[in-house]
Amino acid sequence: MMTDTAFSTWHIKDDIRSDEDAIGYLNAALEERDSASLQDMLDVVARARGMTGVARTSGLGREPLYKALRPDSKPSFDTIMRVADALGAQLYSFPQKHQHGSGA
């Protein structure tokens, strides 16, 4: 006999409740060192914040923003930076930590 079971749909954007949550997800994506991961997290955070507002703040149209962040696209560096700025995120570079001791 089969019973009806209701499942709730969970999405990672549901966990983004604060600026700190958003930045944490973006930092995790940057640590992956994979542009697709960063693009995916920018999309997730932008959806959590509201794509219309992110598009307006970034100076991109809503549809171009959706297209730029979909998995099969290759957004320009300028687009990535504009979206990050619109999300209140600053992307920085730091010296790599040496993996094999500290000798020179």
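Residues numbered from 1 in each chain as written. Predicted model: local features only at pLDDT ≥ 70, side-chain atom pairs only at ≥ 80, totals over all residues. Heavy atoms only, no water.

Novice: How do you make sense of the packing of helix α3 (residues 51-58) against helix α4 (residues 62-69) when you look at a structure like this?
Specialist: Helices that pack against each other are described as a pair by the angle of their axes relative to one another and the distance between those axes. Where α3 contacts α4, the axes come no closer than 9 Å and their chain directions differ by 100 degrees. Considering their axes alone, α3 and α4 lie roughly perpendicular with respect to each other. Together, Met-51, Thr-52, Val-54 and Ala-55 of α3 and Arg-62, Leu-65, Tyr-66 and Leu-69 of α4 make up the contact between the two elements. Its residues placed into classes, the contact of α3 with α4 shows six nonpolar, one polar and one charged. (Axes fitted to C-alpha atoms, helices over the stretch in contact; angles between N-to-C directions. Helix = DSSP H or I, 4+ residues; strand = E, 2+ residues; numbered from the N terminus. Parallel < 35°, antiparallel > 145°, perpendicular 65-115°, else oblique. Contact = heavy atoms within 4.5 Å. Nonpolar A, V, L, I, M, F, W, Y, C, P; charged D, E, K, R; others polar.)

Novice: Please explain helix α5 (residues 77-86) as it appears in this structure.
Specialist: At 3.6 residues per turn, the α-helix brings residues three or four places apart onto the same side. For α5, the complete set of buried residues consists of Thr-79, Ile-80, Val-83, Ala-84 and Ala-86. Taken down its axis, α5 places every buried residue within 160 degrees of arc, on the same side. Away from the buried face of α5 by more than 90 degrees, exposed residues Phe-77 and Asp-85 are located. Structurally, α5 contributes buried residues whose contacts are with α2 (35-49), α3 and α4. Looking one or two residues past α5, Gly-88 carries a phi angle of roughly 80 degrees, positive in sign. (Buried < 20%, exposed > 50% of the residue type's maximum accessible area, 1.4 Å probe, protein only. Arc of directions from axis to C-beta.)

Novice: I would appreciate a short explanation of the pattern of salt bridges in the present structure.
Specialist: A side chain with one charge can pair with a side chain of the opposite charge if their charged atoms come near. Applying the stated criterion across every chain yields a total of four salt bridges. With its nearest N and O atoms 2.9 Å apart, the salt bridge here joins Arg-49 to Asp-19. Placement of the pair is Arg-49 in helix α2 and Asp-19 in helix α1 (residues 19-31), with a sequence separation of 30 residues. Arg-49 gets classed as partly exposed once you look at its relative accessible area, which sits at 35%. Taking the relative accessible area as the measure of exposure, Asp-19 reaches 49% and is therefore partly exposed. Arg-70 is the partner of Asp-72 in a salt bridge, and the nearest nitrogen-oxygen pair spans 2.8 Å. The class of Asp-72 is exposed, set by a relative accessible area of 61%. (Salt bridge = Lys/Arg side-chain N within 4 Å of Asp/Glu carboxyl O.)

Treat this as a map of the structure, not an account of what it does.
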